[in-house]
Amino acid sequence: MASPVETVIRKSVTQGIMKIVEFNRSRPRMGQKTNTFLTGIHTPVEAEMTLENLAVTGEIPAALNGRYLRIGPNPVAKPNPATYHWFSGDGMIHGVSLKDGKALWYRNRWVRSNAVSAALGEAPAPGPRRGTQDNANTNVIGHNGNTWALVEAGAWPVRLNDELDTLAHDPFGGTLKNSFSAHPHLDPETGEMHAITYYALDPATIHHTVVDASGKVIREEPIKVEHGPSIHDCAVTKQYVVIMDLPVTFSMKTLLAGQSFPYRWNTAHKARIGLMPRHGSNDDVIWCDVEPCYVFHPCNAYEADDGTVIMDVSVHDTMFADSMQGPDSEKVTFERWIIDPAARKVTRTTLDEAPQEFPRPDERFIGKKYRYAYTMALPENHGFEVFDQTKLYKHDLDAGTREVHDFGPGRVPGEFVFIPRTDDAPEGDGWLMGYVVDTNTDTTDLAIIDAMNFTAPPVALVHVPHRIPPGFHGNWAPAE
Ligand SMILES: [Fe+2]
């Protein structure tokens, strides 16, 4: 539990603390004049651009009518490299609009936080803020006809127009009272989005949050935790929401030191996975022990006939134990976890030893037994700071096999999203879409792969004539 003193400090003296933080954040530090997440492939883009009628190699499937959107950190002002963390950069969205087999436009736009608006000489964007937190930089989704930029830990969602301009900071029309998450999961059966959410300033409470198909929050159920865990993502099954309470927790010491991302590996925090009945409350959560490790992203989860929950995850051995600049695990593998609510334990099996992240399923199968998982290769022996892997993986979880799509020397993919060929196409019949940075030419392609012909060359490459820095998450937003 957080000590009462720490709780009082957080609740009452936040402004004073933030003065110390800001002072320490601005101090140069000996030996830390560079930051890997501000150089090389990560060098921020300096301007917003609108490019029309993009060059295309191959043929864009005519059925793809909508926008590919991806968001990531892109500091608007030069940050102090000694205190900059990749996860704290100002959110920038890079989008490409496709229609009738053509690439209509590319746009990149900063999400207008107060800091971004000030740096660009603009009036603040409308809408309420949650304290000082208003940088949405982690995911961008379409829901209920709107486009939303999302982040965890407190800042509210930001609503954008189709051209990626910020309309308003918007807690779902005022229906959201607490935090949201960058990883809500759309239940294909109900059209509801489910998320596990947390607030940096409340170390003792997280929420199960549900947004209905009309875009209103209909549930914010509190769940008790300790130490302020960073819960990046969740999974949803027919009966449960899966809570990943793992040992990365809020660190006041790190915040006071002026670091921009105050979460650290915490050996005092017990690792556990919670199965919360969708309509249950705190007392109904079935907590199951797991060995200390960290998971940003599950691929999918579902219930087996024997009552266990199967969840496939990219697992890091530790996280934020060393580096102050970004993710720093020594080992990341793809695993199947069997969560047994009767025995209250988690059994881990390695599906693939190769380092990989950003797992995505065919999302029509969220919460259901599924066959295909798509993941991005990570470098051997070093983490996210060196994006130099050129491979995407397709796992056939039934056959226990893996196919590899290699984009070629120096061509580095980010996360890819699956788009079904038609609403009722069989699982895995569709396209995979994502950005590939060509480090040979400092350009980027939006690559479209036929998911059933995974190792073949992309069916289309939409050429963007500059480098789009590796970011976080991307999604397809079909035209309404
Ligand atoms: Fe994520």
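Our subject is the structure listed above.
Residues numbered from 1 in each chain as written. Predicted model: local features only at pLDDT ≥ 70, side-chain atom pairs only at ≥ 80, totals over all residues. Heavy atoms only, no water.

### Thoughts on the overall build of the protein
When helices and strands are counted, the protein shows four helices and 33 strands. Here the C-alpha radius of gyration of the protein, 21 Å, is about what a compact globule of 480 residues would show, namely 23 Å. Counting the 480 residues in the protein, one finds 60% classified as buried. Restricting to contacts in the protein with at least 6 residues of sequence separation, those with at least 24 account for 60%. In the protein, 44 side chains carry a positive charge and 61 a negative one; their mean positions are 5 Å apart. (Helix = DSSP H or I, 4+ residues; strand = E, 2+ residues; numbered from the N terminus. Rg over C-alpha atoms; globule rule 2.2 N^0.38 Å. Buried < 20%, exposed > 50% of the residue type's maximum accessible area, 1.4 Å probe, protein only. Contact = heavy atoms within 4.5 Å. Lys, Arg positive; Asp, Glu negative; His and termini not counted. Charge placed at Lys NZ, Arg CZ, Asp CG, Glu CD.)

### Focus on the coordination of the iron ion
Coordination of the iron ion by the protein comes from His183 (NE2), His232 (NE2), His297 (NE2) and His473 (NE2), over a distance range of 2.0 to 2.1 Å. Its four donor atoms give the iron ion angles of 91 to 162° at the centre, a pattern that matches the irregular case. On the primary sequence, the residues serving as donors to the iron ion are separated as H-x48-H-x64-H-x175-H. Of the two residues, His183 is situated in the loop between β9 (166-169) and β10 (185-186) and His297 in the loop between β19 (286-289) and β20 (298-303); the sequence distance between them amounts to 114 residues. Per residue, the accessibility class of His183 equals that of His297, and both read buried. (Donors = N, O, S within 2.8 Å, 3.2 Å for Na, K, Ca; no water. Tetrahedral: all angles 85-135°; square planar, octahedral: opposite > 155°, others 65-115°.)

### Re the environment of Glu220
Along the polypeptide, Glu220 turns up in strand β13 (residues 217-224). Classification of Glu220 by relative accessible area gives buried; the value is 18%. Considered as a pair, Glu220 and Ile206 are 14 residues apart in the sequence and their alpha carbons are 9.2 Å apart. Discounting chain neighbours no more than four positions away, the residues touching Glu220 are Thr175, Leu176, Lys177, Asn178, His207, His208 and Thr209.

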